[in-house]
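Chains, contacts and geometry: an overview
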There are 2 protein chains.
Amino acid sequence: MITLSEENYLKAIYHLERQMGGAVSTNAIADKMETKASSVTDMVKKLADKDYVIYKKYQGVSLTNKGNKTAANVVRKHRLWEVFLVEKLNFSWDEVHDVAEQLEHIKSPKLINELDTFLEFPTHDPHGDPIPDKDGNISKLDKISLSKVPLNDLCTCVGVIDSSAEFLKYLDKHKIALGTQIKVIEKESFDESMTIVIHDSELNISKTVANNIYVKTH
Amino acid sequence: MITLSEENYLKAIYHLERQMGGAVSTNAIADKMETKASSVTDMVKKLADKDYVIYKKYQGVSLTNKGNKTAANVVRKHRLWEVFLVEKLNFSWDEVHDVAEQLEHIKSPKLINELDTFLEFPTHDPHGDPIPDKDGNISKLDKISLSKVPLNDLCTCVGVIDSSAEFLKYLDKHKIALGTQIKVIEKESFDESMTIVIHDSELNISKTVANNIYVKTH
DNA sequence: ATATATTTTTAGACAAGTCTAAATTTTATT
DNA sequence: AATAAAATTTAGACTTGTCTAAAAATATAT
Ligand SMILES: [Mn+2]
Ligand SMILES: [Mn+2]
Ligand SMILES: [Mn+2]
Ligand SMILES: [Mn+2]
């Protein structure tokens, strides 16, 4: 039986593998998990013993098939619960993370199947992230960062990269949500800030904000 | 912060206090938790340090106000989740226990409040057990065991004592559910089995079965 | 009241998960 | 290629929760 801690490590490795590519370093895991490198080494050995990861001393780790499937299932649960919280329990998208972090560890295949059905098989979570299917496959939407969109092309917000409560509340304040239409009308070259049009009004956003918004162009 | 294990011990003590009355013995807790008496002693000391219980060596434990409220809240969460699973996710009453056992430990006041609202403030769980309110108060229904009902009095099934999957499936098989009307028409004195009428047909049930059904008389 | 049985506690051990500090290996720099 | 810096691992310790075996306290029976 897999422990809660092992699941959290697998999930971190899963996200890092996807983000970077290639083997994941001990320090990268330690950073993401907010723990110490020595703790990571210990855990990574256990995960290797249980065939969740391939680990070679000093060379980082990568998920096995088994590890990838297990991690994807935790992510699936996390995102399905987020949808539940927002759609059914009146949570806003900046309130769901900590609760989903707990709920993702509940063990019951029937529960997650029924939840999926109850929610009518959602494909994305409230932050625009895709929900892995039962086999761990995820749909890859061709989304790009708002900072890379050409001037005057109309695009639609389809996700966020930073999903911290602070950032999400900033977006709420400026009425930027999933599905919101955005057009970039000006870019400042000295600080890479930009002026965008949303809901027929202009807004100036920083490079950081633009970097953390995913859009789809039409 | 209270741990998962501490919550489980508090819940066990809560149920035992209610069942017996007076201080709860180390062995009684060990039995209910399926653990060893020495483990109970260790944990009970921790709970006393944290003011959840009063503990005097060799004299058993009793919950403090704080302990009672904390335990009742775990029970509240357990039962609300059970309602959710049955009402919204197509679980049957014999499938909910293990999942609720996990879900009861999720920490989020907003979650449980919203769940309560979503379920339209249920007062009883799928086994007929009352759901404590936010302050830990529970409604006391005047229910009695079916084995104590006089002959030929019509009564209604309002709960079960044993809520094991085996017993619940037995009840399902014989179409006994919460709300089912029952009339006892005969009692065998030698083994205390009885003949009851449900849905216009006769059924013979053992003393054990009768003992584990709660009914309300009219 | 004394002996016996039962219950409860203590002592010492172990696994999981984490940490600090030191040692080792790898990588980068001169 | 030698040295310095950074990353990683090891060694040893600590906490939580559990266990077994032995000791102590309480309850029961003669
Ligand atoms: Mn988690
Ligand atoms: Mn999300
Ligand atoms: Mn539990
Ligand atoms: Mn129940």
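Below: a short report on this structure. Bear in mind that the values here come from a model prediction, so they are computed numbers and not experimental data.

1. What to know about the coordination of the manganese ion (ligand 2)
All names here are of chain A. For the manganese ion (ligand 2), the full set of protein donor atoms is Glu-82 (OE), Asp-125 (OD) and His-127 (ND1), at a range of 2.1 to 2.3 Å. Along the chain, the residues that donate to the manganese ion (ligand 2) are spaced as E-x42-D-x1-H. A relative accessible area of 4% places Asp-125 in the buried class.

2. Comments concerning unusual backbone geometry
Residues and elements named next belong to chain A. In this structure, Glu-120 is a non-glycine residue whose phi angle is positive, near 60°. Checked against the element boundaries, Glu-120 lands in the loop between α6 (109–118) and β3 (144–145). We classify Glu-120 as exposed; its relative accessible area is 65%. Residues other than glycine seldom take positive phi values, yet Asn-152 does so here, at roughly 65°. Inspection of the secondary structure puts Asn-152 in the loop between β3 and β4 (154–160).

3. Remarks on the sheet that holds β3(A)
All names here are of chain A. The six strands are arranged β3-β8-β4-β5-β6-β7 in an open sheet whose pairing can be described as antiparallel. Looking at the sheet topology across the chains shown, the edges are occupied by β3 and β7 (201–205). Where β4 lies against strand β5 (residues 181–187), three bridges are found, and the strand directions are antiparallel. Looking across to β5, one finds that Cys-155 is bridged to Ile-182.

4. A short note on the protein's contact with DNA strand D
Neighbouring DNA strand D are 20 residues; A:Lys45, A:Tyr55, A:Lys57, B:Thr3 and B:Thr35 lie closest to it. Expressed as a percentage, the sugar and phosphate content of the atoms of DNA strand D within 4 Å of the protein is 74%. Taking A:Thr26, its side chain carries an N or O atom lying 2.9 Å from a phosphate oxygen of DNA strand D. B:Tyr9 places a side-chain nitrogen or oxygen 3.3 Å from a phosphate oxygen of DNA strand D.

5. Regarding the coordination of the manganese ion (ligand 4)
All names here are of chain B. Protein-derived ligands of the manganese ion (ligand 4) are Glu-82 (OE), Asp-125 (OD) and His-127 (ND1), with the metal-ligand distances lying across 2.2 to 2.3 Å. Between consecutive donor residues of the manganese ion (ligand 4), the sequence gaps follow E-x42-D-x1-H. Residue Glu-82 is found in helix α4 (residues 65–88), and its partner His-127 is found in the loop between α6 (109–118) and β3 (144–145); the two are separated by 45 residues along the sequence. Take Glu-82 and His-127: they sit in the same class, and that class is buried.

6. Looking at the protein's contact with DNA strand C
The full set close to DNA strand C counts 21 residues, and A:Thr3, A:Thr35, B:Lys45, B:Tyr55 and B:Lys57 are the nearest of them. Within 4 Å of the protein, the atoms of DNA strand C are drawn from sugar and phosphate moieties in a proportion of 74%. Take A:Ser38: an N or O atom from its side chain is 3.0 Å from a base oxygen of DNA strand C. The separation between a phosphate oxygen of DNA strand C and a polar side-chain atom of B:Thr41 is 2.8 Å. Looking at the surface near DNA strand C, the element that brings in the most residues is helix α3 (residues 37–49) of chain A, giving five residues. Its residues assigned to classes, the surface near DNA strand C shows six nonpolar, ten polar and five charged.

Reading guide: rules and limits
Residues numbered from 1 in each chain as written. Chains lettered and ligands numbered in written order. Predicted model: local features only at pLDDT ≥ 70, side-chain atom pairs only at ≥ 80, totals over all residues. Heavy atoms only, no water. Donors = N, O, S within 2.8 Å, 3.2 Å for Na, K, Ca; no water. Buried < 20%, exposed > 50% of the residue type's maximum accessible area, 1.4 Å probe, protein only. Helix = DSSP H or I, 4+ residues; strand = E, 2+ residues; numbered from the N terminus. Pairing = 2+ DSSP bridges. Near = heavy atom within 4 Å. Polar contact = N/O pair within 3.5 Å; in protein donor to acceptor, adjacent residues only side chain to side chain. Nonpolar A, V, L, I, M, F, W, Y, C, P; charged D, E, K, R; others polar.

As far as function goes, none of this settles anything; it's purely spatial.
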